[in-house]
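Observations on the model geometry
These are the residues of each chain, in order.
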Amino acid sequence: YLSSSLQGSFRKTIDNWPQEEVDIIVVTDGSRILGLGDLGANGMGIPIGKLSLYVACAGIDPSRTLPVMLDVGTNNEELLSDKLYLGEQHRKPSGDEYYELVYEFMIAARDRWPNALIQFEDFTNDHAFSLLHKYRSRFLSFNDDLQGTGAVALAGLLAALRVTGKNIEAQRILFLGAGTAAVGSAEMMAAVMIENGLTPEQARQQFWLVDSKGLVTTSRGDTLAEHKIPYAREEGYLETLIEVVKQVKPTVMLGLSMQSGAFTEEVVKAMNREVERPIIFALSNPTSKAECTPEQVYQWTDGSGIYASGSPFAPVEYKGRTLKPCQGNNMYIFPGVGLGAILSGAQTVTDSMFFAAAKTLAAMVGEEELEVGSLYPSLKQIRDISAAIAAAVWETGWSEGNAKGQVPDNPIQYIQ
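Turning to the pattern of salt bridges, a few remarks are in order. The final tally for this structure, using the stated rule, is 17 salt bridges. Residue R204 pairs with E187 through a salt bridge whose shortest N-O separation is 3.3 Å. In this pair, R204 sits in helix 8 (residues 200-204) while E187 sits in helix 7 (residues 180-195), placing the two residues 17 residues apart along the sequence. Residue K359 pairs with E195 through a salt bridge whose shortest N-O separation is 2.6 Å. Placement of K359 in helix 13 (residues 351-363) and of E195 in helix 7 is noted, with a sequence separation of 164 residues between them. Of the residues examined, E195 reaches a relative accessible area of 52% and is grouped as exposed.

Among the nonpolar cores identified, the biggest contains 80 residues, and F175, M189, F207 and I333 are the most heavily contacted of them. Non-local contacts of I333, meaning those with residues more than four positions away in its chain, are made with G148, A151, V152, F354, A357, A358, L361 and I389. Core analysis: the next-biggest nonpolar cluster, separate from the first, contains 28 residues, I242, A270, Y298 and L323 among them.

Taking strand neighbours across the sheet as the criterion, the six strands line up as 8-7-6-9-10-11 in an open arrangement whose pairing is mixed. Of all strands in the sheet, those with a lone pairing partner are strand 8 (214-215) and strand 11 (306-309), marking the two edges. Pairing analysis gives two bridges linking strand 7 (residues 207-211) to strand 8, with the strands arranged antiparallel. Residue pairing in the sheet places D211 in a bridge with G214 of strand 8. Against the sheet, helix 9 (residues 241-248) touches strand 6 (173-176), strand 7, strand 8 and strand 9 (252-255), its axis set at about 175 degrees to strand 6.

This paragraph deals with the pairing of strand 11. Residues I306 and A308 point to one face of strand 11 and Y307 and S309 to the other, with burial holding for every one of them. Looking at chain direction, strand 10 (residues 279-282) and strand 11 are connected through four bridges and run parallel. From the neighbouring strand, F281 faces strand 11, where its bridge partner is A308. This β-α-β element, strand 10 to helix 11 (residues 294-300) to strand 11, shows right-handed connectivity.

We now examine unusual backbone geometry. Residues N285 and P286 are joined by a peptide bond in cis, for which omega reads 5 degrees. With respect to the helices, strands and loops of the structure, P286 is situated in the loop between strand 10 and helix 11. Look at D122: it is not a glycine, yet its phi comes out positive at around 60 degrees. By the secondary structure assignment, D122 is in the loop between strand 4 (117-120) and helix 5 (125-135). Phi is positive for M258, which is not a glycine, with a value near 65 degrees. Relative to the assigned elements, M258 resides in the loop between strand 9 and helix 10 (265-274). Take M258: its relative accessible area is 28%, and that puts it in the partly exposed class.

The next subject is the sheet that holds strand 1 (residues 2-3). With parallel pairing, five strands are arranged side by side in an open sheet as 1-3-2-4-5. What marks the edges here is a single partner per strand, and that holds for strand 1 and strand 5 (141-143). In this structure, strand 1 lies alongside strand 3 (residues 65-71), joined through two bridges in parallel fashion. The partner of S3 across the bridge, within strand 3, is D71. Along the sheet, helix 4 (residues 95-112) contacts strand 1, strand 2 (24-28), strand 3 and strand 4; its crossing angle with strand 4, the most-contacted strand, is approximately 155 degrees. Seen against the sheet, helix 12 (residues 334-344) touches strand 2, strand 4 and strand 5 and runs at an angle of roughly 155 degrees to strand 4.

Reading the values: rules and limits
- Residues numbered from 1 in each chain as written.
- Predicted model: local features only at pLDDT ≥ 70, side-chain atom pairs only at ≥ 80, totals over all residues.
- Heavy atoms only, no water.
- Salt bridge = Lys/Arg side-chain N within 4 Å of Asp/Glu carboxyl O.
- Helix = DSSP H or I, 4+ residues; strand = E, 2+ residues; numbered from the N terminus.
- Buried < 20%, exposed > 50% of the residue type's maximum accessible area, 1.4 Å probe, protein only.
- Core = buried A, V, L, I, M, F, W, Y, C linked by side-chain atoms within 4.5 Å.
- Contact = heavy atoms within 4.5 Å.
- Pairing = 2+ DSSP bridges.
- Axes fitted to C-alpha atoms, helices over the stretch in contact; angles between N-to-C directions.
- Right-handed = clockwise from strand over helix to strand, strands pointing away.

Okay, structure coming up:
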């Protein structure tokens, strides 16, 4: 725990950690934990859990991992008034004061472990984008909510398009939610469209974002957060999701809104009237926050909907078929990316590495899995998946001149 009351002594505090070698650090400030919000210092379970997945999925030695809580306060009124709350019991600082605390941590961590990868986890939107922009080219780091979520969503979409036989650049993609996960996913998908020949402007015209105030447009009258501006539409403002669906006629709809049940029967059926095989991802978690269930999508689309979720759901029996929709969990992506980055001696974690991870994951989905509605491979293969992604990351880093270690003749075998 690095607390704001210890500012100026972070390096000395880090020296208390007994392990001389650390490969991966997961850091949070506890301000946006899943769909639970600001948990302050009580959010430490997230870095611990993510590092447990590095161990389970990518074989990282647990002694070479470090969970970090930047305990810089909380804006949660309940915690501020709770005498038993163990964290810093004051509001989070803002502006330069906040960024100075994070910077002191980044410098202290690199000073002790120069080659460690730092993964940002569950920071609020106003800090997540700026921290990634500030540090991605200076430190070996990435933001899992932005880049990990974006890559796993892209992988699911690429697998779904194998079912429909359509091109990604022809998709009309609607997001309910316009935070880190939504914009990160849109950026990943837009990058593939650009790779396939569209200009950045053309690619972004394929996306519509809906936030708590309605369709994100340039004419809405409010001040847009910086990360939303590239996806703000020029058309007229629409207030409700059903209005947007009827006008846009999306082929793909992704929920990253934390609004349980937001994908109603009316919304799904309106989408299905215009699209033969609607692709619907209800990616909010935990399960109680999912925008809809797989059973609802199959019933409302007469089995034609293609579904993935951010939370686990049981298989669904529908008209004599057993459909097994998969959870689009970041654990498919970040352990392999982290493993590839540290093995290759990468200087930075680039977007190209996440594109390579997404394409590798999508390619590992078998035809028999697609047949039963699964857009991701079985998690029983997670070690093989992580090894394949690590190899793709290594090869990408080497081709970009961003990796120290030359790719072995048989990278999968070496990584395993």
